[in-house]
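For reference, the chains in residue letters:
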Amino acid sequence: MAEENRLEQDRKAKVARWRAEGKEPYPWSFPDRSPTERVREACRTLKPGEEAPPAPPVRVAGRLMAVRQHGRTAFADLEDLSGSLQLLLRVDELGEGPYNGWLADLDPGDIIGAEGTPIVSRRGEPSLLVRSLTLLAKAVRPPPEKFHGLQDVEERLRRRYVDLLSSSEARARFRTRTLLVREIRRYFDDAGFLEVETPVLTSVAGGAAAAPFVTRSNYLDAELRLRISIELPLKRLLVGGLERVYELSKAFRNEDLDSIHSPEFTEFEAYWAYADYHDMRHLMEGLFERLAHRTLELCPGDSVVEAAAKRFLPPFPTVDFVDALEERSGIPDLLSKSREELRELARAVGSTVPDNSSNGTFLDKLFEHYVEPTFDRVTFVVDYPAATTPLAKRHRSKPGRVERFEVFHPGFELANAYTELNDPDEQEARFRSQLGERGDDRYAFDEDYVSALGYGLPPCTGVGFGVDRVLMGLLGIPSIKEVILFPLIRSR
RNA sequence: GGGCCCGUAGCUCAGCUCGGUAGAGCAGGCGGCUCUUAACCGCAAGGUCAGGGGUUCGAAUCCCCUCGGGCCCGCCA
């Protein structure tokens, strides 16, 4: 750290010198600024060495990334969100004193503004022939090395801003994320859904089996839990008559963190009255197709993204949960097996889940082992055994099954949907049997939700998916931390 | 919870096997250069080798512990 101080001291000395000369190193604004893209465009009609005809000067602003000094000429690279632009500084244009002053005072990392004329260098590089410069914010800390950038994974996550400022690829990735999230909203808006906001702070965290984060309200003098899903409040809204609703925001699970799980993640859920899981499947297929096309549009020429996004284009393979499992494992009549038999089968494939786990858990483990590894693109798995799913409606024609589909991506689960259970008595019975089965606090009994169903939940379908995982899939990024701007990391 | 790997200058990395005064490039300082783009050339400077303990005449290097991170497995949706 002593050395960092030396480097910072050099830069702070420049700030002090600047102030001593009566100049402001952190001015308030830089009006009439154009993206550097405009200069690159203006240069397209120019020949190497040619300067644009006299016109009002262009003003650009961004971060100074590099300076190549050549005696009485200097080149500098300025980056803004639209890209990189070379600045051409000449004694002839700036005058001897200012020219030398600027080169002495500027460092890579500084935020500067420049005003000048588009010009193409003799070597053909689109540039701005600078008439005047403005320091907009002095960087007293040096940026990472210009060629390799910030490589250390931990540093990239802890100080994402440094990752972003030194890597246009990182900026592009997160910009793409935002545009794809916007596309998800647009798709459901266009389909007539209302975006709503329901509480993150709740007294009962329900709708999924996961450990919640627990916190306190001083005013209420009560324990609160951060939500683990958005399912139950959204279905209450269908009871209230909102018919089509979705929410896209954070959910929290107090569980392990790995390449596909983040304790704080972005959840999307939608509920649709008077429709069933077949309708939802069509809706989701349309969403994936649209997102795939948008992704390809946003990342042209990126072969990793191209291969990844194409897995989200139809046709989507469909797999019947039970048929596929029986076929792959060679085990017949799985639905009539006893819990003991299923447990032994699960043990045989290496599962170590507790003995008192449900039939559904053992079936899930078998599916995970025999069927999931065979997926090589986005695949719909349909008609789950009833034992695996507490909130879904029983299948209208297949006994022992529920009307549910899950969407799988090679390597992880993407989405989960069903025709929703709307019978209040059956819902109450299933909540109770879950409590008895697991006997821990991972399942909450939401009495008010059962009461809401008592007022009449229209027949409906719902879906939920992890937005971060969909983005991982579309962009071909193997770690969830690389699609989250500031992933949770242990404090230092 | 189990296993493997990583932490050296602001940044990117050598050095660790086989213990002997801590190295390079970039960035920063000084000097030179009017078309470079990882600019180039010369000079000088820059270190709590993640932290602590041990072995040793001597530890970045060998051993133990701790902290932080990554990957795999398990568990968890």
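Being a predicted model, the structure only gives us computed values, none of them experimental.

Thresholds applied
- Residues numbered from 1 in each chain as written.
- Chains lettered and ligands numbered in written order.
- Predicted model: local features only at pLDDT ≥ 70, side-chain atom pairs only at ≥ 80, totals over all residues.
- Heavy atoms only, no water.
- Domains from an automatic or database assignment.
- Buried < 20%, exposed > 50% of the residue type's maximum accessible area, 1.4 Å probe, protein only.
- Helix = DSSP H or I, 4+ residues; strand = E, 2+ residues; numbered from the N terminus.
- Pairing = 2+ DSSP bridges.
- Polar contact = N/O pair within 3.5 Å; in protein donor to acceptor, adjacent residues only side chain to side chain.
- Phe/Tyr/Trp six-rings, centres within 6.5 Å; stacked < 30°, edge-to-face > 60°.
- Lys NZ or Arg CZ within 6 Å of the ring centre and 35° of its normal.

**Student:** Tell me what's going on with the domain arrangement of chain A, and back it up with residues and numbers.
**Tutor:** Partitioning chain A into domains gives domain 1 (2–142) and domain 2 (166–317 + 375–483). Relative to domain 2, the C-alpha centre of domain 1 lies at a distance of 48 Å.

**Student:** Describe the pairing of strand β16 (residues 460–466), listing the residues and the values that go with them.
**Tutor:** In terms of residue burial, β16 counts as a mostly covered element, since seven of its seven residues are buried. Along β16, one buried face is formed by C460, G462, G464 and G466 and the opposite face, lined by T461, V463 and F465, is buried too. In the sheet, strand β11 (residues 264–273) pairs with β16 via seven bridges, with the strands oriented antiparallel. The residue bridging E269 from the neighbouring strand is G464, located in β16. Examined bridge by bridge, strand β15 (residues 412–419) and β16 share five bridges and lie antiparallel to one another. Looking at the pairing, A415 lines up with F465 of β16.

**Student:** How would you explain unusual backbone geometry if you had to name every residue and give the values?
**Tutor:** Geometrically, the link from P314 to P315 is a cis peptide bond, its omega value of 5° lying close to zero. Here the phi dihedral of E243 falls at roughly 65°; this positive angle occurs in a residue that is not glycine. Position of E243 among the secondary structure elements: in the loop between α8 (231–239) and β10 (244–252). The partly exposed category is assigned to E243, whose relative accessible area is 44%. With a phi close to 65°, Y274 is a non-glycine residue in the positive phi region. Assignment of secondary structure puts Y274 in the loop between β11 and α9 (277–298). Accessibility expressed as a relative area gives 60% for Y274, which makes it exposed.

**Student:** How would you explain the side chain of S329 if you had to name every residue and give the values?
**Tutor:** Relative to the elements of secondary structure, S329 occurs in helix α11 (residues 321–329). Among the polar contacts made by the side chain of S329, one reaches the main-chain amide nitrogen of I331 at a distance of 3.1 Å.

**Student:** Quick one: what's the story with the packing of aromatic side chains, residue by residue and with numbers?
**Tutor:** Inspection of every chain in the model, using the stated rule, returns 19 aromatic pairs. Considering the side-chain rings of F193 and W272, the 5.9 Å spacing of their centres and the 70° angle between planes classify their relative orientation as edge-to-face. Taken together, the residues span a long stretch of sequence, with F193 in the loop between α7 (168–190) and β6 (194–195) and W272 in strand β11 at a distance of 79 residues. The class for F193 is buried, based on a relative accessible area of 4%. On the numbers, 5.4 Å between centres and 45° between planes, the contact of F375 with F408 is tilted. Here F375, found in the loop between α13 (359–370) and β13 (379–382), pairs with F408, found in strand β14 (residues 404–409); they are 33 residues apart in sequence, far enough to count as distant. Taking relative accessible area as the criterion, F408 reaches 4% and is therefore assigned buried. It is K23 that lies over the ring of W18; its NZ or CZ is 4.2 Å from the centre. The ring of Y384 carries the charged tip of R404 above its face, separated from the ring centre by 4.1 Å.

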